Amino acid sequence: ISYNVITGAIDLGGHFSGLKGAYAYGASVHDNIIGFNSLLPVGAAGIYLEGDSEEIHIYRNYIKNVSTGIYINPVGSASDLTVLGRQYHIYEGVYIYYNIFDNIGENALGDSSKGWGVRLLGGDGYNHLINNLQVLNNVMIGDTDATSTFSGLFIHAFGTVTNLLFRNNIIRNFDYAPSFMAHGTTTTLVVDTMSIENNIFYGNGNSNVPRYGAEFTPTNNTTQNNIIADPLFRSTSDFHLQSTSPARDAGIDVSAITGGLDFHGASRYGAAYDIGAFEYGVG
């Protein structure tokens, strides 16, 4: 799904609509403009991913004026049991990179604490599985005129998450924290082998530090080299970097997944990869 201007959302729904056939991907969603002309007073996402999936690549999209940029929201139901023989979903390889999530939230008539860049929300009682969730080189901007926003990355009551990489992202203006993970009421969240590295967190709650719910602790957790500083965009609507930006040459090499090509399709410029969706000096 590519090169579209979409007023609304892309919904990859169904029990197993994201599984591979002969194609190299379960879905490849890239180079789209998705969302609305202004914030809405209700919850809306740019991209929904619901059922069993493998090799989902979501990249170089501009997603705007929605409450959730990408929403992974499996539903455990009686129909799942009939079709799949189980009431949980399996995701193998979800790669989200070089996207821009702009003006995330609900407008002043909406609910409070609504606004997530990438959101994983399972239902209590269902232990869903996701392996290789990689969120790389995105820009996520919470709307400061929204009722309130929550976090750039949000994982709650999902089940088991293994091999989570959250690297080279710029997260700004989320009221609760740059990222948040927690158990549900009856569902234990397990996050094993996690990397939160080389991101820029600025203007977020919890003093720009990742936040965790009561009694939750990720295992094999590498959280390091994150920068708390203004990323110095060119303007509030232009997310290219200024020459003095702390994002320049501060990223970690994730080119094995992304191909090393930024939002413009440009390759690395300088001593190392930059943080965010744009390499400084190209494009």
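See the structure printed just above.
Every chain is numbered on its own, with residues counted from 1 as its sequence reads. For a predicted model such as this one, the threshold for reporting local features is a pLDDT of at least 70, and the threshold for listing and counting side-chain atom pairs is 80 or more; totals across whole chains, interfaces and linings nevertheless cover every residue. Excluding hydrogens and water, the side-chain values take into account all heavy atoms of the structure.

**Some points on the overall build of the protein**
Step number 1: Each helix is a run of H or I in the DSSP string that is no shorter than four residues. Each strand is a run of E no shorter than two, and both are numbered from the N terminus. Helices and strands together make up the secondary structure of the protein, namely 2 helices and 21 strands.
Step number 2: Computation of the radius of gyration draws on C-alpha atoms, with the globule rule given as 2.2 Å multiplied by the number of residues to the power 0.38. Expected size for 283 residues packed as a compact globule is a radius of gyration near 19 Å; at 18 Å, the protein falls within 12% of this value.
Step number 3: With the C-alpha coordinates of the protein rotated into their principal frame, the extents come out at 55 × 45 × 40 Å.
Step number 4: Accessible area is worked out with a 1.4 Å probe on protein chains only. A residue is then buried under 20% of its type maximum, exposed over 50%, and partly exposed in between. Taken across its 283 residues, the protein has 54% of its residues classed as buried.
Step number 5: The contact criterion used throughout is that any non-hydrogen atoms of two residues lie within 4.5 Å. Here the contacts in the protein between residues at least 6 apart in sequence split such that 80% fall between residues at least 24 apart.
Step number 6: Note on charges: Lys and Arg go in the positive column, Asp and Glu in the negative column, and His and the chain ends are not counted at all. The location of each charge is read from NZ of Lys, CZ of Arg, CG of Asp or CD of Glu. Within the protein, one finds 12 positive and 25 negative side-chain charges whose respective centroids are separated by 4 Å.

**Remarks on the sheet that holds strand S7 (residues 62–64)**
Step number 1: By the convention used here, strands pair only if DSSP detects at least 2 bridges between them. The strand order across the open sheet formed by 7 strands is S1-S4-S7-S10-S13-S16-S19, and the pairing between neighbours is parallel. Lying at the two open borders of the sheet, with one neighbouring strand each, are strand S1 (5–7) and strand S19 (200–202). Put simply, the sheet's adjacent strands are angled 5 degrees from each other on average, direction ignored.
Step number 2: Here 3 bridges tie strand S4 (residues 33–35) to S7, and the two strands are oriented parallel to one another. Note that in S7 the partner of Ile33 across the bridge is Tyr62. Axis lines are fitted through C-alpha atoms, for helices just across the contact stretch, and the angle between N-to-C directions can take any value from 0 to 180 degrees.

**Topic: the sheet that holds strand S17 (residues 177–182)**
Within a sheet, neighbouring strands are paired by backbone hydrogen bonds and run either parallel or antiparallel to one another.
Step number 1: The strand order across the open sheet formed by 7 strands is S2-S5-S8-S11-S14-S17-S20, and the pairing between neighbours is parallel. What marks the edges here is a single partner per strand, and that holds for strand S2 (10–12) and strand S20 (211–212).
Step number 2: Relative to strand S11 (residues 116–121), strand S8 (residues 68–72) is paired through 4 bridges, and the arrangement is parallel. Looking at the pairing, Ile70 lines up with Val118 of S11.

**With respect to the side chain of His30**
Step number 1: Turning to its location among the elements, His30 is positioned in strand S3 (residues 27–30).
Step number 2: Take His30: its relative accessible area is 14%, and that puts it in the buried class.
Step number 3: If near-sequence neighbours (up to four positions away) are discounted, His30 is found in contact with Ile1, Ser2, Tyr3, Tyr59, Arg60 and Asn61.

**Notes on the pattern of salt bridges**
When the charged atoms of two side chains lie near each other, side chains of opposite charge can form a pair.
Step number 1: When a carboxyl oxygen of Asp or Glu lies within 4 Å of a side-chain nitrogen of Lys or Arg, that pair is called a salt bridge. Tallied over the entire structure, the rule returns 6 salt bridges.
Step number 2: For the salt bridge of Lys114 with Glu106, the shortest nitrogen-to-oxygen distance reads 4.0 Å.
Step number 3: According to the relative accessible area criterion, Lys114 is partly exposed, its value standing at 24%.
Step number 4: A salt bridge links Asp111 to Lys114; its shortest N-O distance comes to 3.1 Å.
Step number 5: Residue Asp111 is classed as partly exposed on the basis of its relative accessible area, which comes to 44%.
Step number 6: Salt bridges sharing common partners tie together Glu106, Asp111 and Lys114.

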